[in-house]
Amino acid sequence: MSEDLKSADSKSADSKNTDPEGANPKSTDSKDADPNREALEAWIIGLRREFHRHPELSFEEYGTQKRILKTLAELGIEARKIADTGVLASIHGSKPGPCIALRTDTDGLEVREEATERNGEYISLNEGVMHACGHDGHMAMLFGAARLFQEQRDFPGEVRLIFQPAEEIPPGGSERVIAEGGLEGVDAVLGMHIFTNHESNSVGFRPGPFMASTNRFEVFLKGKGGHISKPESCIDPVLMATDFLNALYPALEARLDPEKYVLGVGRIRGGAQFNRTPDIVEILGSYRTFDEETTNTIDETIEECLGEVMEKYVKSGEEFEGLPTYDIDILHGYPVLVNEPGFTEAVHSKLKESLPKLTIYPEMEKTFAAEDFASYLQKVPGIFISLGTRNPEKGLLEINHSSRFDIDEDILPLGTKIFRTLALDFLNFPEKYLGSA
């Protein structure tokens, strides 16, 4: 996840208590201490720290997979490998019923973790790789829910556990999971992500489009190289690249509402010598949108601007025959993440009922961040929830993907509780979520 979410205005929150005792399973009152609950919380936090020490890159999560399978076996939960480095598991209730899938991502990022005053006990031991986006916490929260479901089987239907690899690189591990049958028989899907853009013990979501699509473009502009002292004998692809970008941005601004997209260039590369005009310049960039029409408009505008540049740099003469030219490769990655409105409203209602002091942002702003969880939501109804971890008192302010990113571990039991609360309610009352009443 390359950008953080933006929370809605504080007026849209259902509660403004930043430490809601109804939300956080951990009690500060020793009279209410529950040894079983405390043991579960310690186990969840311990798992998070173990995963954090041993991060692995996308589709390289073999050690993580091994640890997941070992823990599931210890809990007595049947499981199998999926998507090469992922794991699929099932917990069956005491009677027939629907199936809900709970998904976590498992991969880390190519980031060198900085030592802080907090992470001494669990800093990454894999040099140059870090769980800088909360996936270690996601796995731990899901394990907490799995343990509770396995210990208390008095529910109808099935809880499907998806430990998905490679969320961080398009096209993402979700497509592999789907292609290999991970959603077969699933009636609904639930995902959650930790973010520092809103406070600990708060959640956020919105019905409909929530997170953007990802699209990558790579352009190769081919001119004619030569000595810079003889520009008349060259077609300069550096100038072509400059003209292309100078044309593209205003063309898009004229056609599209700026709130509908973002576009940027991450790399321009070409040439090797100070006194030689290169033959080729490469431009690598990306854009994000909330609908297919906007995506198509950007695709078309890129092609049109390239065509105009080609016409501008045509020169007569046999040595320029067939030049200039271009090649373009556009990769449409993650689709727009769309929370099913009826399902989202049922989630909102249940959270308000079961966790009355939980701060809820039910109309978070759309974000240009992207998530391959979107692929699951194209197949079955469900919701993707943002779980806040920002805590200034603990110094937890760094955004996701920062080399100093960390999470408020007190929210992990809350994440487990949300997974379990919503899954149980769906299994018992699916009509509330699927609109089939």
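Only a predicted model underlies this, so the values are computations on that prediction, with no experimental measurement involved. (Residues numbered from 1 in each chain as written. Predicted model: local features only at pLDDT ≥ 70, side-chain atom pairs only at ≥ 80, totals over all residues. Heavy atoms only, no water.)

1. Some words on the overall build of the protein chain
Logical step 1: On a plain count of helices and strands, the protein chain comes out with 10 helices and 16 strands.
Logical step 2: When each of the 437 residues of the protein chain is scored for burial, the buried share is 54%.
Logical step 3: Pairs at least 24 apart in sequence give 82% of the contacts found in the protein chain among residues at least 6 apart.
Logical step 4: Element-wise, carbon and sulfur atoms account for 49% of the exposed surface of the protein chain, whose accessible area totals about 18,800 Å².
Logical step 5: Taken together, the 46 basic and 75 acidic charged side chains of the protein chain have centroids lying 4 Å from each other. (Helix = DSSP H or I, 4+ residues; strand = E, 2+ residues; numbered from the N terminus. Buried < 20%, exposed > 50% of the residue type's maximum accessible area, 1.4 Å probe, protein only. Contact = heavy atoms within 4.5 Å. Areas by Shrake-Rupley, 256 points an atom, 1.4 Å probe, with all protein chains shown as cover. Lys, Arg positive; Asp, Glu negative; His and termini not counted. Charge placed at Lys NZ, Arg CZ, Asp CG, Glu CD.)

2. Quick word on the pairing of strand β5 (residues 188-199)
Logical step 1: Counting buried positions over the 12 residues of β5 gives 12, a clear majority of the element.
Logical step 2: Where strand β3 (residues 95-105) meets β5, four bridges bridge the pair, whose relative direction is parallel. If you follow R103 over to β5, its bridge partner there is G191.
Logical step 3: Of the strand pairs in this sheet, β5 and strand β16 (residues 382-390) are connected by eight bridges, and their pairing is parallel. What sits directly across from E199, in β16, is R390. (Pairing = 2+ DSSP bridges.)

3. Regarding the sheet that holds β3
Logical step 1: Strand order in the open sheet formed by eight strands is β1-β2-β4-β3-β5-β16-β6-β15, and the pairing between neighbours is mixed. Edge positions in the sheet fall to β1 (78-82) and β15 (359-361), since each of these pairs with one other strand and no more. The mean inter-strand angle of the sheet, taken between neighbouring strand axes irrespective of direction, is 25°.
Logical step 2: Note: strand β6 (residues 202-204) against β16, two bridges, orientation antiparallel. Within the sheet, the bridge partner assigned to V203 lies in β16 and is L387.
Logical step 3: In this fold helix α7 (residues 341-354) packs onto β5, β6, β15 and β16, with an angle of close to 45° to the strand it touches most, β16. (Axes fitted to C-alpha atoms, helices over the stretch in contact; angles between N-to-C directions.)

4. As for the sheet that holds strand β13 (residues 325-332)
Logical step 1: One open sheet accounts for four strands, arranged β10-β12-β8-β13; its pairing is antiparallel. The open sheet terminates on both sides in strands that have one partner only, identified here as β10 (261-270) and β13. Taking each pair of neighbouring strands and ignoring which way they run, the sheet shows an average axis angle of 15°.
Logical step 2: Across the sheet, helix α5 (residues 237-255) touches β8 (213-222), β10 and β12 (280-289), and the angle it forms with β10 is around 180°.
Logical step 3: This element, helix α6 (residues 292-312), spans β8, β10, β12 and β13 of the sheet and lies at about 170° to β13.

5. Remarks on the packing of aromatic side chains
Logical step 1: As enumerated under the stated definition, the model contains 11 aromatic pairs in all.
Logical step 2: With a centroid separation of 6.4 Å and 80° between ring planes, the pair formed by W43 and F143 is classed as edge-to-face. Of this pair, W43 sits in helix α1 (residues 35-53) while F143 sits in helix α3 (residues 135-151), and the two are 100 residues apart along the sequence.
Logical step 3: Given the relative accessible area of 23%, W43 is considered partly exposed.
Logical step 4: For F143, a relative accessible area of 0% gives the class buried.
Logical step 5: On the numbers, 5.0 Å between centres and 55° between planes, the contact of F343 with Y433 is tilted. (Phe/Tyr/Trp six-rings, centres within 6.5 Å; stacked < 30°, edge-to-face > 60°.)

6. Observations concerning the confidence of the model for the protein chain
Logical step 1: Across the protein chain, pLDDT averages 93, with 92% of residues at or above 70.
Logical step 2: Low pLDDT, under 50, characterises residues 6-11; the predicted model gives this stretch 14 contacts beyond four residues in sequence or across chains.
Logical step 3: Segment residues 27-31: pLDDT under 50, and two contacts once partners within four positions in sequence are set aside and those in other chains are kept. (pLDDT = per-residue confidence, 0-100.)

7. Topic: the pattern of salt bridges
Logical step 1: Tallied over the full model, the rule gives 29 salt bridges.
Logical step 2: A salt bridge links E151 to R147; its shortest N-O distance comes to 3.3 Å. Of this pair, E151 and R147 both sit in helix α3, four residues apart, which is roughly one turn of the helix.
Logical step 3: Here E151 falls in the exposed class, since its relative accessible area comes to 52%.
Logical step 4: The salt bridge involving R269 is made with E282; its shortest N-O contact spans 2.9 Å. Of this pair, R269 sits in strand β10 while E282 is found in strand β12, placing the two residues 13 residues apart along the sequence.
Logical step 5: Accessibility expressed as a relative area gives 48% for R269, which makes it partly exposed.
Logical step 6: Linked by salt bridges that have partners in common, R48, R49, R118, E121, D136, D406 and E409 make up one network. (Salt bridge = Lys/Arg side-chain N within 4 Å of Asp/Glu carboxyl O.)

8. Details of the packing of α1 against helix α9 (residues 412-428)
Logical step 1: As a packed pair, α1 and α9 sit with axes 9 Å apart at the nearest point and diverge in direction by 105°. By the angle class used here, α1 and α9 are roughly perpendicular. On α9, the residues that touch E41, I44, I45 and R48 of α1 are L412, P413 and T416.
Logical step 2: Among the residues forming the contact of α1 with α9, the class breakdown is four nonpolar, one polar and two charged. (Parallel < 35°, antiparallel > 145°, perpendicular 65-115°, else oblique. Nonpolar A, V, L, I, M, F, W, Y, C, P; charged D, E, K, R; others polar.)

9. Brief notes about the nonpolar core
What tends to happen in soluble globular proteins is that the nonpolar side chains get buried as a cluster.
Logical step 1: Core analysis: the largest hydrophobic core is formed by 60 residues, its most contacted members being L351, I385 and I418.
Logical step 2: Ignoring any residue separated from it by four or fewer positions in sequence, one finds I385 in contact with L190, G191, M192, H193, V203, G204, F205, V347, I418 and L422.
Logical step 3: Counting 26 residues, the second largest nonpolar core, distinct from the first, contains M240, F244, Y287 and F320. (Core = buried A, V, L, I, M, F, W, Y, C linked by side-chain atoms within 4.5 Å.)

10. Focus: the environment of G333
Logical step 1: Along the polypeptide, G333 turns up in the loop between β13 and β14 (337-339).
Logical step 2: Between the C-alpha atoms of G333 and L190, which are 143 residues apart in sequence, the distance is 21 Å.
Logical step 3: With residues up to four places along the chain from it excluded, the contact list for G333 reads P170, T214 and N215.

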